[in-house]
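# Close look at the chain arrangement
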Amino acid sequence: MRLQTKRLIQFLFDAIVRQDTHSKTPTKHFQMRYAYLISLLFLPFTLFSQVLRVNPSNPRADDIVSVVFDASKGNKALLGYTGEVYAHTGVILGTVDQPSDWRYVQGNWGKADDRMKMERIGPDLYQIQFQIKNFYGFSDQDPFLQMAFVFRNENGSLVAKDNEDKDIFYPKYQVFENGPLENAHSANANFMDAVEKMQEMDNGSIYFSDGEQSILLKSYGEGILNVTYFPDGELEERGSSAVVIRPEPFRNIYDGNTHDPYRLAGVDPFNIRLHQAPTRLEFLDGNRELLLDEDGFFYQKNFRGVGQITGVRFQLSDEEHLYGMGARAIDQDLNGKRLYTYNSVSYGYGKGEDNLNLSIPLIISSKGYGIFFDNPRKAYLDMGKKEPGVLEYGVKDSNLSYFIILGPEPAKIVERYTRLTGRQSMPPKWALGFIQGRNGYKNQFEAERIVKRSINAGYPLDAVLLDKYWFGGEEKMGNMEWDRKIWPNPERMISDFKDKGIHTILSSDPYIVQGSKHFATADKGRLFATNAKGNTRIISDFPSGPAALLDVFNTNLADWMWPQYYTQMENGISAWSSQSSGPNLHPRDMVHKKGLAEDVHNLYSLKWSRILYEKFKQDYPEIRFFNIQSSGYAGVQRYGTIMWSGEAARSWNAYKAQIPIILGSGLSGVGYMHSGIGGYTGGPKDPELYRRWMQLGAFSPIMRVYGEEGVEPEPIFYDPYTQRAVKKAIQLRYRLLPYNYHLAYENNQKGTPLARPLMYEIPQDPVSWKIEDQYFWGPALMVAPVMERGQKLREIYFPKGEWFDFYTEELIVGGAKENYPLKADEIPLFVKRGSWIPMANPMQNTSEFKGDSLNLHYYPNPEKEFDQGELYWDNGVSETSFLLDDYKNLFFTGKVKGYKVFAQIRGEGKMKSLSGGMNILLHVHGFSSAPESVKVFGKKIMLSDQEAYINSPGPEAAWWDYERNTVVVKINWMGADTMVEIKGGLK
């Protein structure tokens, strides 16, 4: 049948061509016939291989269509399902090069919806009929392009998509999601000619010009250089939304007369060479070339459908690895990819989604440099995809500014980048515990019941997130008051939670529906984004009902908005979750005080987070701010923002996407990216997936379950076996609280991500740049999450050195990959030999841990001169603990000398709550047999059995743990330098 169809199409094509050669208007007739031919081309795929069969096959907006869904195709989520099946659908408006996202969405998700119920017409075959324009409700002015579908069971736990687990679109055009920018290139651009003029400016910057175009170079301190290109030659500088430090004069500038380059400028530790005709810059670390412009700077005045594009081209080597660019659900190495910088929501996404809600135009190269393109507008970054060996950046703008950041290693690049764009303050201590939430708890009784059940089941818990129902549901979005009908006494509930050490987080949105009590006031105050005529722009197809978007660029908004947040803070809540701060739905014709929607889109969430942060700090200067957002831009970290990875599918494919998202965000300055554990939407209840995702969550910057209705996300709703495994992961998270708290301190001090690609810690290892599914959690722990269903063995790369299995104490010699046996209730976790890991005793929540007791684990490395570690601790609440000297910094030094292991503890700081000292249990790992002796402060301590050790009345005692080949030493540490000496042989 397919062969016959192909022959028919070829016959029709030949007939069209023959007939068209005799036409008086061949182009017009050919286009019409070609469009018809394309519709026939869809037919065989639609009938025989795709999830959908649609009649007519090439529908128009006014057509009545019959849509047949084949559950045996695609991801087969509903294959063999015997219950009712419902369509969930939207329409894509626009053109193939300027499409919208899902619009005018139809379907009451998670509920029986007679209007969307499919008619069963055969085994695994379902049908629905409707008139397109009337069914979706769009207007004649909206250009219809495609329909979008997923199909679900009643509660949404089973969601059918295409065979790549993506939404189903019909007709299946090649759609350019990023518009004409997808075809943008410098092929016909104007490049900067040879420099005719060079001078040092009064502010210490350097100016170049070819008579028409110009460049300005600025130093931002050691290792950071700014380059701004002005195509029209006018030095019209604009402020930066991302950069927080000021430039400083170059330390030395001089002209050179070498054969090439013509001129040379230096900024420690940079050298910058200027090449001519075309003008190109070369950046060197001393005499080592880091980066060289390929053809240099270019502009195109009127690129089709875009307008002016300004760009730059660099040389790119084949063996070069590129990381960064914010949150991307793709492989971490970006060489060979073309990406776009426009925050985008992808509902139910999985691995392969290359554009999500955190677009940060920063790349980090294995050659020892980083480039941050300082422009929030829509842009492309082609890293050798269209033209191998060339890195090309182009932006819809009149000039271009970028920063070259010298390494030489990724850690130094990240440190310098976060000095440039700002660093995150310390989060509250409770934020490092376990957080529960869903979309959402429907009333006070349900929230209290689930929290009580979780505590009674023995789960540690530090916070609960209350979503849309606290203000009455989506149809009241914009109300910032409790719906007392279903939350009769929220103040008592919040207080009761807090008495148990559990904090309350409330959701909020920048959208206000017309049904909200605040809509009229905000509209009258002109606080909404507008249309071109200056009237409030109503989003008629907003999922919660017609709504408007608050204009964060309106200077009056913060003072109107904050009192509503302040009221809830005074009621006792601890934090916020700004759910739709993307903004998720942002029509192109919307106008803000700062510009058109497309021009300010990436800045919206940055400004939103800044408003909340600064207003919070005015009223609560001593309390640490915590705000969850799904969207951001360069510098968002400095406003205390906690990022989450958005509405991931409840699938293994989406689970696999979380590692590159977390690691890419961390390298881009956003250290607290995390996922909603278990997935947000679609997919059935999958205990194995939940276990593995929870294990990954234990080694994520924030550990939070969060999902929509259909599958309960809390652990208590799973089977006993799954609960035991999940509880083990959560309890391990709490035992690592001191270690994790120090990682938060490192992030605050140097921008260091909590979760780090292997190459971050061992950049000298070429294999580490190619490992996609392992990472370091801090400097000491290597995590290798289980990524496949039913996996019994997992290939793990062990870098050079030696590694302890965290659970078994097995010692592994590194330098190769190994197939490692897996356990269902454990995530593969390894300790780098030579590490110190401070840990805590089990706890119900973080409020129980004061820092006055510590389990300090040391893994001596005979091959190193010294093994060093550190622990920062403070009260976990105050913003000024460090400034007020109300903290404790402990420094650990270990050394193996001959047959002896030495371990030293010293401290600084005067933390008031630790004036009585600390009870430290020092665990020294890796002995081959029981040691001969233990000394503390030079005093010999007898090794005892466990019971005698625990009941020892003295300040010091020691115990040999024969099962783990570990010496445990009890120390009542009062602040003085303490030396422990253990005589015995190591493995």
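Residues numbered from 1 in each chain as written. Predicted model: local features only at pLDDT ≥ 70, side-chain atom pairs only at ≥ 80, totals over all residues. Heavy atoms only, no water.

This part takes up unusual backbone geometry. Residue Gly 407 is joined to Pro 408 through a cis peptide bond whose omega torsion reads 10 degrees. For the bond from Asn 439 to Gly 440, the omega torsion is -10 degrees, close enough to zero to count as cis. Along the chain, Gly 440 turns up in the loop between strand E29 (434-437) and helix H5 (444-456). Of note, the phi angle at Asp 165 is positive, near 60 degrees, even though the residue is not glycine. Tracing the chain through its elements places Asp 165 in the loop between strand E9 (159-160) and strand E10 (168-170). You will see that Glu 809, though not glycine, has its phi angle at about 70 degrees, which is positive. (Helix = DSSP H or I, 4+ residues; strand = E, 2+ residues; numbered from the N terminus.)

Moving on, we come to the pattern of salt bridges. Per the counting criterion, the structure on display carries 52 salt bridges. Among the ionic pairs, Arg 377 bridges to Asp 599, the shortest N-O distance being 2.7 Å. Residue Arg 377 is located in the loop between strand E25 (369-373) and strand E26 (379-383), and its partner Asp 599 is located in helix H9 (residues 597-619); the two are separated by 222 residues in the primary sequence. For Arg 377, a relative accessible area of 22% translates into the label partly exposed. Close ionic contact of Glu 932 with Lys 983 constitutes a salt bridge, the shortest N to O distance being 3.8 Å. (Salt bridge = Lys/Arg side-chain N within 4 Å of Asp/Glu carboxyl O. Buried < 20%, exposed > 50% of the residue type's maximum accessible area, 1.4 Å probe, protein only.)

What follows concerns the environment of Val 967. The topology assignment puts Val 967 in strand E59 (residues 966-973). What makes Val 967 buried here is its relative accessible area of 0%. It is 8.0 Å that separates the C-alpha atoms of Val 967 and Phe 927, two residues lying 40 residues apart in sequence. With sequence-adjacent residues up to four places away left out, Val 967 is seen in contact with Leu 922, His 923, Val 924, Phe 927, Pro 931, Val 934, Leu 943, Trp 959, Trp 960 and Ile 982. (Contact = heavy atoms within 4.5 Å.)

This paragraph deals with the sheet that holds strand E51 (residues 867-874). As summarised here, the arrangement of the 6 strands in space is E51-E52-E53-E60-E55-E56, forming an open sheet in which the pairing is antiparallel. Looking at which strands have only one partner, the edges of the open sheet turn out to be E51 and strand E56 (939-941). Taken pair by pair, the neighbouring strands of this sheet meet at an average axis angle of 20 degrees, ignoring direction. Strands E51 and strand E52 (887-897) of the sheet are contacted by helix H13 (residues 737-750), whose axis makes an angle of about 85 degrees with E51. (Pairing = 2+ DSSP bridges. Axes fitted to C-alpha atoms, helices over the stretch in contact; angles between N-to-C directions.)

Nonpolar side chains tend to gather and get buried jointly when the protein is soluble and globular. Residues Phe 626, Met 694, Phe 699, Trp 777, Leu 781 and Leu 922 are the most contacted members of the largest nonpolar core, which totals 195 residues. Of all the elements, H9 adds the most residues to this core, at 10 residues. (Core = buried A, V, L, I, M, F, W, Y, C linked by side-chain atoms within 4.5 Å.)

Now for helix H11 (residues 687-697). Among the 11 residues of H11, 10 are classified as buried, and the element is accordingly described as predominantly covered. The complete set of buried residues in H11 reads Glu 688, Leu 689, Tyr 690, Arg 691, Arg 692, Trp 693, Met 694, Gln 695, Leu 696 and Gly 697. Residues of H11 that are buried in the fold lie against E29, helix H10 (652-667), strand E39 (676-677), strand E40 (703-705), helix H12 (720-735) and strand E42 (775-777).

The next point concerns the pairing of strand E54 (residues 918-924). Counting buried positions along E54 gives 5 out of 7 residues, so the element sits mostly inside the fold. Bridging between strand E50 (residues 853-858) and E54 involves 6 bridges; their strand directions are parallel. Residue pairing in the sheet places Asn 855 in a bridge with Leu 921 of E54. The pairing of E54 with E59 spans 7 bridges and is antiparallel. Within the sheet, the bridge partner assigned to Leu 922 lies in E59 and is Val 969.

Pairing within the open sheet is mixed, and its 6 strands lie in the order E49-E50-E54-E59-E58-E57. The sheet terminates laterally at strand E49 (836-839) and strand E57 (943-944), the two strands that pair on one side only. Where E57 and strand E58 (residues 956-961) come together, 2 bridges link them in parallel fashion. If you follow Ser 944 over to E58, its bridge partner there is Trp 959. Contacting E49 and E50, H13 crosses the sheet at an angle of about 115 degrees to E49.

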